[in-house]
Each structure stands twice: as structure tokens, then as C-alpha cells.
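The residues making up each chain are set out below.
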Amino acid sequence: MTLTLALVQILNGMQFGLILFLIAAGLTIVFGVMDFINLAHGVQYMVGAYLAAAFTAMTGSFALGLALALPSALLFGLLLEVLIFRHLYERDHLAHVLATFGVIIFLNQAVKLLWGAAPLSVPIPDLLSGTVTLAPGMLYPVYRLVIIAAGLAVGLLLYWTVNHTRLGMLVRAGASNAPMVSALGVNIRLLFTIVFGVGAMLAGFAGAMVAPILSVEPGMGDNVLILAFVVIVIGGIGSIRGAFIAALLIGLTDTLGRFFAPTLLRAVFDPATASQTGRAIAPMLIYVLMAAVLFFRPSGLFPAKR
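Summarised in this report is the structure supplied together with it. Because the structure is a prediction, the values reported are computed rather than measured. (Residues numbered from 1 in each chain as written. Predicted model: local features only at pLDDT ≥ 70, side-chain atom pairs only at ≥ 80, totals over all residues. Heavy atoms only, no water.)

1. Details of the pattern of salt bridges
Counted by the stated rule, this structure contains two salt bridges. Where Glu81 meets Arg86, a salt bridge forms, and the shortest distance between an N and an O atom there is 3.2 Å. Arg258 is the salt-bridge partner of Asp254, the closest N and O atoms lying 3.1 Å from each other. On the criterion of helical spacing, the pair formed by Asp254 and Arg258 is a turn pair, its members being four residues apart in helix H9 (residues 240-265). (Salt bridge = Lys/Arg side-chain N within 4 Å of Asp/Glu carboxyl O. Helix = DSSP H or I, 4+ residues; strand = E, 2+ residues; numbered from the N terminus.)

Shown next, in the form of C-alpha cells:
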């Protein structure tokens, strides 16, 4: 094990964490503002990946495919909100869970009907398909650096929007006291629809960005949904800053845990046992981290101010 290899794993952890942030950002805003539990948020990540794959195959360009996938993911999220989700806002959380779980099943089957059950692949754009030298002997894929840069840019943009614009002020006020905001003349239903659409687009953007490096397949959003909920619990519900920091912590914990655990266990076990045990222990570290954070800060690291 070398320092270069460890640095590569840190970058991989950052890239994974920023993808989680793109998914969790929309989820934490919707949950924090609208008090709506959307289990179908992971499906919107999957739909974004399928849209990127479809439009890239149609146009022959990943850039054009991404440009078409983003507004399509936004429109798809708005359609779900208008047809299904807005009728659930006044119901309890159990109704949210049951209805959105039904949406998961329906849409997972729908993509199988449209694109088949076999995984799809999206080629990395030629311009971004190479590697770049970050340090002597340290090569890193250009496309993964683009994902990191895109995640950081979106994080800064969201933080500025929520904390320094009139729209962000209305979102924060709506999260604190929606009836009062509505009484002041703000169309709270339209505001909620915009929030939901932006959240869906962010999840779709995450799916589109990982399409060239992961298989696009039915159910791909189910596992990341669990991690996205862990992110917003650790970071604090409704907090963009909390989601950003928590996503990076989880990404680094998961990636470095998978990398270091088998190596450390070789001091106790034989290589085969150490590798198998390390792979089993590494996924647990995320939940150990969550338990530790909640023990000391039950509301999360940076709970949204109400």
C-alpha cells in the first residue's frame, strides 16, 4: 500500500460522497420544507440515468444527452408531484411511505418494459476519457474529477440560493411556517412544486453523471436511497450544509473502509479471511458513524434553523 494509492481512494471517496450529496440535497429540502417522506427519490436518480443513456444513444453525444436529460428529469419530477405526491401532503407519514413505495415498484417495472432488464452502458465522452497526473506517479481519471467538480459547484450554488436569495428565504420561511407564508400572499403550493422539481432534477443529474461509470439498470436507485437517508439524518434534516458534509463523511468512510479494513485485518487473520471479513465489516462503518453522531447530536450535525 502506497501513499499514492491512499490518495486515489480519498478522491474516490469524495466522488462517491458528492454523488450522494446530489441525491440527498433534494431529499433533505423536500423533507425539511414539506415534511414529506419520498421513498421514490431513488427512482428519480435511476430515471435520470436512463434518460441520459437514452438521449446519449439518440444524439451520439453525452453532453447533448445530459443537456436533454436534466429538463426531462425536472419535468418528470413535476409530473409525479402534480399527479401523485401533492395529494399526499396532508396525510400522515405512513401514507407517504406506502404510496411512494408503490411508485418505486411501478417505475422499476416501467423501465424494464421500456428499456429491458439488461443493464445499459453509456460511453465516457472522448474528451473526458483519459487520465490526468495529479502528482508524480498518481494518475486519476478525468471524468471522475469532473464529477467532483460538478458536485462542488452544485453544492456552492445550492448553499448560495438557499441562504442568500429571495427564493431561498421563501423556502426557509415555508419550512418554518407555511400557513403564515401563504397568508402573506406567497403561492405556497407553487413553491412546494418548484422545490420538489428541483429535488428531482438534482437526483436525475446524479444518475446522469454516474451513467458512464456504472451500469444503468432497474433498481439502481434503491441502495443509494438508503444512503441518502443516512446522509440527511447525520447532516440534519433540511440542512444543505449538513447534507454536504455528511455525504463527504459517508463517501470517505465507505471507500476508505473498504480499502483499509482488509489490510488492517491481515495483522490478525490470514489474507483470505482478512479480505472476506474486511468486505463484510466495511459497509457497517457508515451505520456506526451514524449511531455515533446521533448519540452526541440527536438532531444531526447541522440541523436547519427554524
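Continuing now.
2. Quick word on a nonpolar patch on the surface
On the surface, a cluster of nonpolar side chains totalling about 330 Å² of accessible area is made up of Leu79, Val82, Leu83 and Ile84. Residue placement: Leu79 occurs in helix H3 (residues 62-83). Residue Leu79 is classed as partly exposed on the basis of its relative accessible area, which comes to 47%. (Patch = residues over 30% accessible without salt bridge, like charges linked within 9 Å, V, L, I, M, F, W, Y side chains within 5 Å. Areas by Shrake-Rupley, 256 points an atom, 1.4 Å probe, with all protein chains shown as cover. Buried < 20%, exposed > 50% of the residue type's maximum accessible area, 1.4 Å probe, protein only.)

3. A word on the packing of aromatic side chains
Applying the stated rule across the entire model yields nine aromatic pairs. Judged by centre distance (6.5 Å) and plane angle (55°), the rings of Phe36 and Phe196 are tilted. In this pair, Phe36 sits in the loop between helix H1 (3-34) and helix H2 (41-59) while Phe196 sits in helix H7 (residues 188-210), placing the two residues 160 residues apart along the sequence. Across the pair, exposure class does not vary: Phe36 and Phe196 are buried alike. Measuring from centroid to centroid gives 5.0 Å for Phe295 and Phe296, while their planes differ by 90°, and the two rings are edge-to-face. For Phe296, a relative accessible area of 66% puts it in the exposed group. Clustering of aromatic rings is evident, with ring pairs tying together Phe36, Phe85, Tyr89, Phe192 and Phe196. (Phe/Tyr/Trp six-rings, centres within 6.5 Å; stacked < 30°, edge-to-face > 60°.)

4. Observations concerning the nonpolar core
Membership of the largest hydrophobic core comes to 82 residues, with the highest contact counts inside it found for Ile19, Met34, Tyr45 and Phe85. Core analysis: the second largest hydrophobic core is formed by seven residues, Val8, Leu18, Met138 and Ile148 among them. (Core = buried A, V, L, I, M, F, W, Y, C linked by side-chain atoms within 4.5 Å.)

5. A short note on the packing of H2 against helix H8 (residues 220-235)
One way to put it is that H2 packs onto H8 with a least axis distance of 8 Å and a crossing angle of 135°. In this view, H2 runs oblique relative to H8, as classed from their interaxial angle. Where H2 crosses over H8, the handedness of that crossing is right-handed. Of the residues in H8, those in contact with His41, Gly42, Tyr45, Met46 and Ala49 of H2 are Met220, Gly221, Val224 and Leu225. Residues of the contact of H2 with H8, tallied by class, amount to six nonpolar, three polar and no charged. (Axes fitted to C-alpha atoms, helices over the stretch in contact; angles between N-to-C directions. Parallel < 35°, antiparallel > 145°, perpendicular 65-115°, else oblique. Left-handed = near helix turned anticlockwise from the far one by under 90°. Contact = heavy atoms within 4.5 Å. Nonpolar A, V, L, I, M, F, W, Y, C, P; charged D, E, K, R; others polar.)

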